[in-house]
Amino acid sequence: MALRVARAHPAATGIHLFELRHPEGSELPPFTAGAHLTVRSPNGSLRKYSLCNDPAERDRYVIAVKRDPAGRGGSVDLVDHTKAGDLVEVSAPHNAFELAERAPGFILIAGGIGITPIMAMARRLNAEGRRYRLYYLTRSPETTAFRDELAGEEFHGKVVIHHDQGDPVNSFDLWPVLEKPGAAHVYCCGPRPLLEAVRDMTGHWPAAAIHFESFLDAAAAQRPEDRVFTVVLSHSGERIEVPPGVSILEAMRERGFDAPSSCESGTCGTCRTHLLAGEADHRDLVLMEHEKAGQVMICVSRALSPELVIDR
Ligand code: FES
């Protein structure tokens, strides 16, 4: 869809809000809390951005974009070269971070720009009168998007905002929050170290109650030490080279093979595949330690051995 930028303005230091509407004022396809759009920036790069407005709104999509000069250029290009009145090409909303319908309560944990899907969730839970607590961890008040709104009556008593001033010594201690598993579901979105910390603190929770969202894709997950390896599809015997910066899933698709996927960032579990031989370099947040020898998430994980044989 080509949507009109109705408003574009800073929401905090380094964070810009874009409100997108249909050029003819038509209703937009519905979305649910936790959904994201894939947005094409003016230079053609495709990036995923979570919707942060209330899913009940059918006339607009709102995304918050962190201008990341250390990133791959998509966010900087979008922020610097997109203004009100422009047309922006976006995908239909997609959700790999759905709120559990039947959960009796929610623990929402957002780190920095990870607040975006969590805001849509908090708005929805407010509207439905459901119980939740939001822990929002940022560097400083200036880098905290939605600060004024979260101080409002609607969020009163439901939100803890913590600033670490960029020093890990000041990190918020989530252990008292997560120590005792309850019936609540945990939703966490933020930088990788926060996701890993929450995963480590929730190993004793039911796996189905813990939900992560990360926008790390194969290219963003690239490491300098990455090497080419071969993936062997056991059903056909096909041998496929996987170069650095390309995921197993992408390499398979290029050769005409596909597999179910959703988040493509190692957080949802949809692409879970049996590993029949070889040693995987696991980069997902889904697999438990005891599952790692026999399974692999092919959207982000790579190989430590020259070859992986997978059950596809
Ligand atoms: S598609 Fe979600 S973990 Fe791979």
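See the structure above.
Residues numbered from 1 in each chain as written. Predicted model: local features only at pLDDT ≥ 70, side-chain atom pairs only at ≥ 80, totals over all residues. Heavy atoms only, no water.

A.B. asks: Just to check I follow, could you spell out the pattern of salt bridges for this structure?
C.D. replies: Side-chain pairs of opposite charge can arise whenever the charged atoms involved come near each other. For the coordinates displayed, the defined rule picks out 24 salt bridges. Two residues, R21 and E19, come together in a salt bridge whose shortest N-O distance is 2.7 Å. Salt-bridge contacts for D258 lead to R253; the nearest nitrogen and oxygen are separated by 3.0 Å. On the basis of relative accessibility, which here comes to 32%, the residue R253 falls in the partly exposed class. Through salt bridges with shared partners, a single network forms among R7, E19, R21, E57, D59 and R60. (Salt bridge = Lys/Arg side-chain N within 4 Å of Asp/Glu carboxyl O. Buried < 20%, exposed > 50% of the residue type's maximum accessible area, 1.4 Å probe, protein only.)

A.B. asks: It is not clear to me how the environment of Q222 should be interpreted in this structure. Could you clarify?
C.D. replies: Structurally, Q222 is set in the loop between β11 (210-213) and β12 (229-233). Sequence-wise, Q222 and V177 are 45 residues apart; in three dimensions their C-alpha atoms are separated by 32 Å. Apart from residues lying up to four places away in sequence, Q222 is in contact with P244 and G245. (Helix = DSSP H or I, 4+ residues; strand = E, 2+ residues; numbered from the N terminus. Contact = heavy atoms within 4.5 Å.)

A.B. asks: Any chance you could explain the side chain of T82 here in plain terms?
C.D. replies: Structurally, T82 can be placed in the loop between α1 (74-81) and β6 (87-90). Judged by relative accessible area, T82 falls into the buried class, the value being 8%. A polar contact of 2.8 Å, which involves the side chain of T82, links it to the backbone oxygen of L78. (Polar contact = N/O pair within 3.5 Å; in protein donor to acceptor, adjacent residues only side chain to side chain.)

A.B. asks: Sorry, what's going on with unusual backbone geometry here?
C.D. replies: Negative phi characterises most residues that are not glycine, and trans characterises most peptide bonds. For F146, which is not glycine, the phi dihedral falls at a positive 65°. With respect to the element layout, F146 can be found in the loop between β8 (132-138) and α3 (147-150). Looking at F146, the relative accessible area reads 9%, which means it is buried. Here Q165, not a glycine, exhibits a phi torsion of approximately 55°, which is positive. Examined against the element boundaries, Q165 turns out to sit in the loop between β9 (159-163) and α4 (175-178).

A.B. asks: It is not clear to me how the packing of aromatic side chains should be interpreted in this structure. Could you clarify?
C.D. replies: How two aromatic rings sit relative to each other is set out by the distance from centre to centre and by the angle between their planes. Applying the stated rule across the entire model yields four aromatic pairs. Each ring, one from F97 and one from Y187, has its centre 5.5 Å from the other, and the planes form 65°; the classification is edge-to-face. One end of the pair, F97, is in the loop between β6 and β7 (106-111); the other, Y187, is in strand β10 (residues 185-189), with 90 residues separating them in the sequence. In terms of burial, F97 and Y187 fall into one category: buried. Grouping aromatic residues by their ring pairs yields a cluster made of F97, F106 and Y187. (Phe/Tyr/Trp six-rings, centres within 6.5 Å; stacked < 30°, edge-to-face > 60°.)

A.B. asks: Help me understand the sheet that holds β11, please; the structure alone is not making it clear to me.
C.D. replies: Note on sheets: strands pair through backbone hydrogen bonds, and any given pair is parallel or antiparallel. Overall, parallel pairing links the five strands, which are arranged β9-β8-β7-β10-β11 in an open sheet. Edge positions in the sheet fall to β9 and β11, since each has one partner strand and no second. Taking each pair of neighbouring strands and ignoring which way they run, the sheet shows an average axis angle of 15°. The pairing of β10 with β11 spans four bridges and is classified as parallel. Its bridge partner lying in β11, V186 is registered against I210. Helix α2 (residues 115-128) rests against β7, β8 and β10 of the sheet, and its axis sits at about 150° to β7. Seen against the sheet, helix α5 (residues 192-201) touches β7, β8, β10 and β11 and runs at an angle of roughly 160° to β10. (Pairing = 2+ DSSP bridges. Axes fitted to C-alpha atoms, helices over the stretch in contact; angles between N-to-C directions.)

A.B. asks: Hey, could you run me through the sheet that holds strand β16 (residues 295-297) in this one?
C.D. replies: Strand order in the open sheet formed by five strands is β13-β12-β18-β14-β16, and the pairing between neighbours is mixed. The sheet is open, and its two borders are formed by β13 (239-242) and β16, each paired with just one other strand. The mean inter-strand angle of the sheet, taken between neighbouring strand axes irrespective of direction, is 40°. In the sheet, β12 pairs with strand β18 (residues 307-310) via four bridges, with the strands oriented parallel. Each residue of the ladder has a partner; that of V232, found in β18, is V309.

A.B. asks: It is not clear to me how α1 should be interpreted in this structure. Could you clarify?
C.D. replies: One full turn of an α-helix is made of 3.6 residues, so residues set three or four places apart face in the same direction. Of all eight residues in α1, six are buried, a share of seventy percent or more. Buried residues of α1: G74, S75, V76, D77, L78 and V79, and no others.

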